[in-house]
Amino acid sequence: MNIKNIVNRDIVNLTNCEHEPIHIPGSIQPHGFLLGLDNDSLLIEFCSANSAAFIKLAPEALLGKHLTAFLSEEAFGAFRSYIKTDTFDSSRPFVFTLDDISFNTTIHPSGNHLILEIEPFPDGTLNLPNLYNQTRKFVSYMEKTTYLGELCQNIADETRQITGYDRVMIYKFDPEYNGEVIAESRRQDLDSFSGQKYPHTDIPAQARELYIKNPLRMIADINYEPVPLLTLDNTGEKSNKSLDLSLSILRSVSPIHVEYLKNMGVGATLTISLLQNQKLWGLIACHHYSPKILPHYTRLSALLHGHFLTSQIAVRETAEEFEVSQGVEKSLSESLELLHQHEDFIEACHQSPALLTLANASGSVIFYNNKLYKNGEVPADDELIPLFSFLAANYSTSGLVTNELTKTYTEHANLSKFAAGIIYHSLAPGTPDGIVWLRKERIETINWAGNPKKAVIENAEGLRLSPRKSFELWMEVVKYKSVSWRKTEISAAGTFTYSLQKHINFRVILDQENRNRILNDELRTANKELANLNWISTHDLKEPLRKIQIFASKVLDREDPDLSAMVKDSVERMRFAAEKMQMLIEDILTYSKTGNMEKVFKTMDLNIILSNVLEELSINIEEKQAIVNRVPLPELNVIPFQVHQLFVNLLTNAIKFTREGITPVIDIRSTIADSEDTPGIMLPRDRKYHQISFADNGIGFEKEYQNRIFGVFQRLHPSHKYPGTGIGLAICKKIMDNHRGFITADAEPGQGATFTLFFPAG
Ligand code: BLA
């Protein structure tokens, strides 16, 4: 019969430390022995080399056999019914007696095998724990303690009392899995480890994974000699056999960890996992300074402590978190209230204490419209402004939450005094406007148990890893960091920012509306004033002008021989100037009236208006012997007196700007047109217009004046021959605007001019 061992002989080195397969060492600790049975046949396939020390049968006598090799038929029957229950209950292990020694067998499945771990009861008794007492104590802790720290201390004390270890620690992980001793119960003569920190490298990831699956492990004697697991070497078909000991209690531990504990001077350990949300929250770590085997039931008692503490962690942490979040919520709703009450929240309330306490910040700053609104303890303005620009450039969409700003805003460590940690949100993307909550730097001294940077050292052989040898306190001073932001604080800051953004947007709209309203009011008043001013000034001006004209006429009419021709000429000029002035005033008055007067529309036959105008101008027409050709005009909804004015102005121009020696002919035409009929004119599409044109054969004008001609005081022919104020066509344009129509001009110098009106049809 060939027998081989399945000891894993991989050497751990710098490159594979995290991958050391600690679950398949192929060996166990010697305080018990292990059998691996084939699931189906129940034949012994694996046996630890130390079986003879317990049952006087060497592996050779057991491998390939049934348990009846050492159990009576009766005990074997009991075993069979035990394993039929499917769930293996470690609180009721399989117990058998051999030569008056009771053995405790914990059984669990592993792949295709059943693993039996067999330990004798150290003193031969079962030693059942007093669960009633234990439970009563737990309940009293629950009632007595409010905070997690206190509870941990109680658990540490109680665990030491039950188990008798020299030192019991509650060891808590931080997010990076560095650990800290947060509670400790110890033999009086020992130095305290309380408050010490241990780097994450002390417990590698695969070990942590394993401790989630298997919450309890024991090293009974750190100086133990690992016992190999043996199996039959059957024709080599399964040459690389291994047995997964993840859930085993006897599993041999990693040699690196053994070395670690030896360096620490520890003789035996018990470690219990504390889980939260399927993650390792911490450990109950027990040290003994000499070998120590903890009996099965006492282990279970200690495990119960672990479960109890685990069940309370969430409750206590939630209670603490709840207390904080109640305060945060209160401040948040206070701040939101202020926001809703004050239209100018930023100016009025930026120094509200609630704005700080909603995130438990030491300072806050709102940067809005290039102004800093500061609250609490904050950095100087010339530091804040560049900070806001930096944040807006990099975090305007995502925001930023950090307890170590210098990590992202490097080279600004000086800011840490007041802004080591920040929560930032933009208020308007694309601008530097934003809000920050700040936390001051908290300089922290960490008591590392040995220098964490030297947690791993290469030993003499070069590659082989070694845990550090010195656990002497190594103090690290952590700077530039603030206390971390809690979830509730981060979320309160987010909620408040969102409301502030809405508030600002609303303010902007409101401001805009206000500004428009004010502008409108101002415009209306200005218009009124203008109309008034026009009216007053024109009336006030007209009066003295009339007087000048009357006096001038009197002087001229008198035929006074004493008056020299020169004086007469001067008076004549004066009268002419006064007349011109009067015309100008008249036109200005009309122009301003055209815009400001109430616009009363009436359906009118334009032929009637045209006839009236022609009648009015008959003297001038006759004087020039002008011919007016007209076609029937439509009936339209118009402001009658304005269309009258329009026709007067157009016809007056046609009669005025005539060519010498040529009979003036004025053609008035009317038709319906749309944008397609008038390619040169930008009429709105899909609308029909009444197109009425006044064409003359007068002096015309240069094409370049075509558009300018409708501006105020545009005189095309500024000479005595063609007197005018330059307002007439501006009035025409305004009238057409009032009718939502258009006026265009077309001309050839020396050929004539055509003015076309477009009145909307229907
Ligand atoms: C395992 N390391 C462990 C365990 C603890 C620690 C508690 C669990 C195993 C056990 O039950 O003892 C660390 N123990 C501590 C710490 C304290 C303590 C911090 O009592 C503080 C008071 N360890 C190293 C280095 C490596 C390493 C450098 O220091 C490797 C790179 C490895 N630690 C290591 C391994 C295990 C381990 C592989 C798993 C041991 C096993 O379960 O096989």
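See the structure shown above.
Residues numbered from 1 in each chain as written. Predicted model: local features only at pLDDT ≥ 70, side-chain atom pairs only at ≥ 80, totals over all residues. Heavy atoms only, no water.

Moving on, we come to the packing of aromatic side chains. Scanning the model with the defined rule gives 22 aromatic pairs in all. With a centroid separation of 6.4 Å and 85 degrees between ring planes, the pair formed by Phe710 and Phe755 is classed as edge-to-face. Linking Phe710 in the loop between strand S28 (689–696) and helix H18 (728–738) with Phe755 in strand S30 (residues 752–760), this pair joins segments that are 45 residues apart in sequence. Taking the relative accessible area as the measure of exposure, Phe710 reaches 12% and is therefore buried. Residue classification places Phe755 among the buried residues on the basis of a relative accessible area of 6%. Each residue in the set Phe70, Phe76, Phe79, Tyr82, Phe94, Phe96 and Phe103 is aromatic and connected to the rest through ring pairs, giving one cluster. One cation-aromatic arrangement involves Lys292 over Tyr165; the distance from NZ or CZ to the ring centre is 5.2 Å. Across from the ring centre of Trp485, 4.0 Å away, lies the NZ or CZ of Arg439, which sits over that ring. (Phe/Tyr/Trp six-rings, centres within 6.5 Å; stacked < 30°, edge-to-face > 60°. Helix = DSSP H or I, 4+ residues; strand = E, 2+ residues; numbered from the N terminus. Buried < 20%, exposed > 50% of the residue type's maximum accessible area, 1.4 Å probe, protein only. Lys NZ or Arg CZ within 6 Å of the ring centre and 35° of its normal.)

You can see Ser110 is positioned in strand S6 (residues 101–110). Among the polar contacts listed, one links the side chain of Ser110 to the backbone oxygen of Asp244, at a separation of 2.8 Å. (Polar contact = N/O pair within 3.5 Å; in protein donor to acceptor, adjacent residues only side chain to side chain.)

Moving on: the sheet that holds strand S17 (residues 400–402). Taken together, the 5 strands give an open sheet; going across it, the order is S16-S15-S19-S18-S17, and neighbouring strands pair in antiparallel fashion. Looking at the sheet topology across the chains shown, the edges are occupied by strand S16 (371–376) and S17. Taken over all neighbouring pairs, the strand axes of this sheet differ in orientation by 10 degrees on average, direction set aside. Here S17 pairs with strand S18 (residues 421–426) via 3 bridges, running antiparallel. Counted as the bridge partner of Thr402 is Ile422 from S18. Strands in contact with helix H11 (residues 381–395) are strand S15 (363–368), S16, S17, S18 and strand S19 (434–439); relative to S16, the strand with the most contacts, it is inclined by about 105 degrees. (Pairing = 2+ DSSP bridges. Axes fitted to C-alpha atoms, helices over the stretch in contact; angles between N-to-C directions. Contact = heavy atoms within 4.5 Å.)

Next up on the list: the packing of helix H17 (residues 640–656) against H18. Where H17 contacts H18, the two axes come as close as 9 Å, and the packing angle between them is 145 degrees. The handedness of the crossing between H17 and H18 comes out as left-handed. Facing H17, whose interface residues are Gln642, Gln645, Leu646, Asn649, Leu650 and Asn653, H18 presents Gly728, Leu729, Ile731, Cys732, Ile735, Met736 and Asn738. (Left-handed = near helix turned anticlockwise from the far one by under 90°.)

What follows is about the pairing of S19. The element S19 is largely enclosed, with a buried count of 6 among its 6 residues. In S19, alternate side chains face the same way, and those of Gly434, Val436 and Leu438 on one face and Ile435, Trp437 and Arg439 on the other are all buried. Alignment of S15 against S19, held across 5 bridges, turns out to be antiparallel. Residue Phe367 lies in a different strand from S19, and its bridge partner there is Gly434.

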